[in-house]
Amino acid sequence: MSLSTWSFPTKIVFGAGALSTLADHVKAIGGTRALIVCDAGVVKVGIAEKVKAVLDAGGVAAAIFDKVDPNPVEKNVFDGVEAYKAHRADVIVSVGGGSPLDAGKLIALKTTHERPLVDYDDATGGDKYIGANVPPMITIPTTAGTGSEVGRSGVVTLAANGRKTVIFSPYFLAKVAILDPELTVSMPARITAATGFDALTHCLEAYCSVGDHPMADGIALLGLELCAKNLSTAVSNPKDLEARGAMMKAAMMGAVAFQKGLGACHSLAHPLSSEKGMHHGLANALCLPAVVEFNEAVIHEKLERVRMILDPSAKTAADAVRGLRKKLGLPDGLRAEGITEADIPKLADKAIQDACHTSNPKKTSKDDLAKLYAASL
Ligand SMILES: NC(=O)c1ccc[n+]([C@@H]2O[C@H](COP(=O)([O-])OP(=O)(O)OC[C@H]3O[C@@H](n4cnc5c(N)ncnc54)[C@H](O)[C@@H]3O)[C@@H](O)[C@H]2O)c1
Ligand SMILES: [Fe+2]
């Protein structure tokens, strides 16, 4: 029997209005000056100002840094470090979807770590260079998808390798994650659907991934059930706080569960974002059915369980995923997003270099990845 290590340590404050507790949490971890890391979209819907107002009222001096791209790049991190220093900040409050939450972790890293970002690439064992001396972080998600608020990874596209690169460290764990469903009601339907599909894919791929992790499996299955019961309501009735809250829980649970591992769908999705600028959750939604079909022969029983959770009336788990995708109004293939056969060789070249497929239940070659892209067109 092999050895496994299990840990789920972040303090999470959940509920409508949870944002009001923010200043107390910042002060409790010794923060006096906060850099709010967010993006233009979070500013536009008024959330950044709302967060600043809560901090200012609670006696924490706050400045807003909003120069984070939808798929973060290195420059966002360097600009954020400048903003952190200019404000003389001592805590980072990351507010937004996965993009600002990931950027916040890497900004924290670069305030104290001198090496170029590429040296910290998890794929080359870069975590060994990351020490405990990163400033404290508080995370406030405004999408319900990536679960980055409780994760230990920051994802950034690096100039050195052109890849969406995962930088991983236990020191990236937020001191507190504040999950306030009221902050997600402004998400448009398509972003709700796409980010929700990321949460669903995390739960599904984590449950199906190789390895023995019963806690992750339990969390993944309940997260999947929350997605099945609530994602379409969150899309069709955006102000439904119960459904919004349930999707926030599912997103957080998906990220806890994927400590176990992900699968080939995430390896297909990453190049679609770094090469083609596609939203991460949408990329997962478009590739997941083909990956589920690819895995069916080796994990039929698990996928039966997935089918029963998503839609017992569907013939297969892949059909259940397709059915939900359609119900949410998402496209039914990559072609609808401008991807063609001609793009596949380069995408497959990048996908095979991505580590996620190494925990896919069925061993995945570059040729398999190319075929999966073709099947997802
Ligand atoms: N760290 C991890 O473990 C992990 C896991 C999965 C994905 N990711 C990364 O996360 C990123 C994707 O994150 P995402 O899917 O949350 O999208 P995102 O953060 O890129 O946000 C998508 C869009 O939604 C807008 N938005 C966010 N909240 C909103 C709100 N409440 N109302 C209106 N608009 C809002 C943003 O401004 C942006 O334009 C990718 O870079 C992906 O690689 C990280
Ligand atoms: Fe993801």
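Look up a bit, the structure's there.
All residue numbers refer to positions counted from 1 along the written sequence of the respective chain. Whichever chain is written first is A, and whichever ligand is written first is 1; the rest continue in order. Under the rules for a predicted model, residues below a pLDDT of 70 receive no local features and side-chain atom pairs below 80 are neither given nor counted, while totals for whole chains, interfaces and linings still include all residues. In computing side-chain properties, one takes all heavy atoms of the structure into account and sets aside hydrogens as well as water.

Student: Account for the coordination of the iron ion (ligand 2), naming residues and giving values.
Tutor: Donor criterion used throughout: N, O or S atom within 2.8 Å of the metal, extended to 3.2 Å for Na, K and Ca. Water excluded; incomplete-looking sites may result. For the iron ion (ligand 2), every protein donor is listed as Asp198 (OD), His202 (NE2), His266 (NE2) and His280 (NE2), and the spread of their distances is 2.1 to 2.2 Å. The geometry test gives tetrahedral to four donors whose angles all lie between 85 and 135 degrees, gives square planar to four donors and octahedral to six donors whose opposite members are over 155 degrees apart with all other angles between 65 and 115, and gives irregular to the rest. Note that the iron ion (ligand 2) binds four donor atoms; their angles at the metal cover 85 to 171 degrees, and the shape is irregular. Each donor residue of the iron ion (ligand 2) lies on one chain, and together they are spaced D-x3-H-x63-H-x13-H. Placement of Asp198 in helix 6 (residues 189–208) and of His280 in helix 10 (residues 280–295) is noted, with a sequence separation of 82 residues between them. The cut-offs for exposure are 20% and 50% of the maximum accessible area for each residue type, with area from a 1.4 Å probe on protein chains only; residues under the lower value are buried, those over the upper are exposed, and the others partly exposed. Judged by relative accessible area, which is 15%, His280 ranks as buried. Numbered from the N terminus, helices here are DSSP runs of H or I no shorter than four residues, and strands are runs of E no shorter than two.

Student: Give me the lowdown on the sheet that holds strand 3 (residues 61–65), citing residues and values where you can.
Tutor: Pairing within the open sheet is parallel, and its six strands lie in the order 1-8-5-4-2-3. Each edge of the sheet is formed by a strand with only one pairing partner; in this case those strands are strand 1 (11–14) and strand 3. With direction set aside, neighbouring strand axes in the sheet form an average angle of 20 degrees. Any two strands with at least two DSSP-identified bridges between them are counted as paired. As paired elements, strand 4 (residues 91–96) and strand 5 (residues 137–141) share five bridges and run parallel to each other. In the sheet register, Ser94 faces strand 5, and the bridge partner there is Thr139. A fitted line through C-alpha atoms serves as each axis, taken over the contacting stretch for helices, and the angle formed by two N-to-C directions is quoted from 0 to 180°.

Student: Got a sec to walk through the side chain of Lys350? Specific residues and values, please.
Tutor: Looking at the element boundaries, Lys350 is found in helix 13 (residues 344–353). By relative accessible area, which is 18% here, Lys350 ends up buried. Residues count as neighbours in contact if any of their non-hydrogen atoms are within 4.5 Å of one another. For Lys350, the residues in contact, after removing those within four places along its chain, are Asn161, Gly162, Arg163, Pro271 and Glu275.

Student: An account of the pattern of salt bridges is requested, with residue identities and associated values reported.
Tutor: Salt bridge criterion: a side-chain nitrogen from Lys or Arg within 4 Å of a carboxyl oxygen from Asp or Glu. Counted by the stated rule, this structure contains 17 salt bridges. For Asp119, the salt bridge is made with Arg115, and the minimal N-O distance between the two is 3.1 Å. Relative accessible area serves as the criterion here: at 24%, Asp119 is assigned to the partly exposed category. Arg115 gets classed as partly exposed once you look at its relative accessible area, which sits at 35%. Between Asp349 and Lys366 there is a salt bridge; the shortest N-O distance is 2.5 Å. With Asp349 in helix 13 and Lys366 in helix 14 (residues 366–376), the pair connects residues that are 17 residues apart, well separated along the chain. Taking relative accessible area as the criterion, Lys366 reaches 39% and is therefore assigned partly exposed. Salt bridges sharing common partners tie together Glu275, Lys346 and Lys350.

Student: I'd like a rundown of the pairing of strand 7 (residues 164–168), residues and numbers included.
Tutor: In terms of strand pairing, strand 6 (residues 153–157) meets strand 7 through five bridges, oriented antiparallel. For Thr157, the partnering residue across the bridge sits in strand 7 and is Lys164. Two successive antiparallel strands, strand 6 and strand 7, enclose a turn made up of six residues, where Gly162 displays a positive phi of approximately 65 degrees.

Student: A description of the packing of helix 6 against helix 11 (residues 300–310) should follow, citing residues and the corresponding values.
Tutor: Contact geometry of helix 6 with helix 11 gives a least axis separation of 10 Å together with a crossing angle of 155 degrees. What the angle tells us is that helix 6 and helix 11 run roughly antiparallel. As for how helix 6 packs across helix 11, the hand of that crossing is right-handed. Across the interface between the two elements, Leu200, Leu204, Tyr207 and Cys208 of helix 6 pack against Lys302, Leu303, Arg305, Val306 and Leu310 of helix 11. In terms of residue class, the contact of helix 6 with helix 11 is built from seven nonpolar, no polar and two charged. Any angle from 65 to 115 degrees is called roughly perpendicular, while one under 35 is roughly parallel, one over 145 is roughly antiparallel, and all others are oblique. For a crossing to be left-handed, the near helix must be turned anticlockwise from the far one by less than a right angle; the clockwise case is right-handed. In this classification, Asp, Glu, Lys and Arg are treated as charged, Ala, Val, Leu, Ile, Met, Phe, Trp, Tyr, Cys and Pro as nonpolar, and every other residue, Gly included, as polar.

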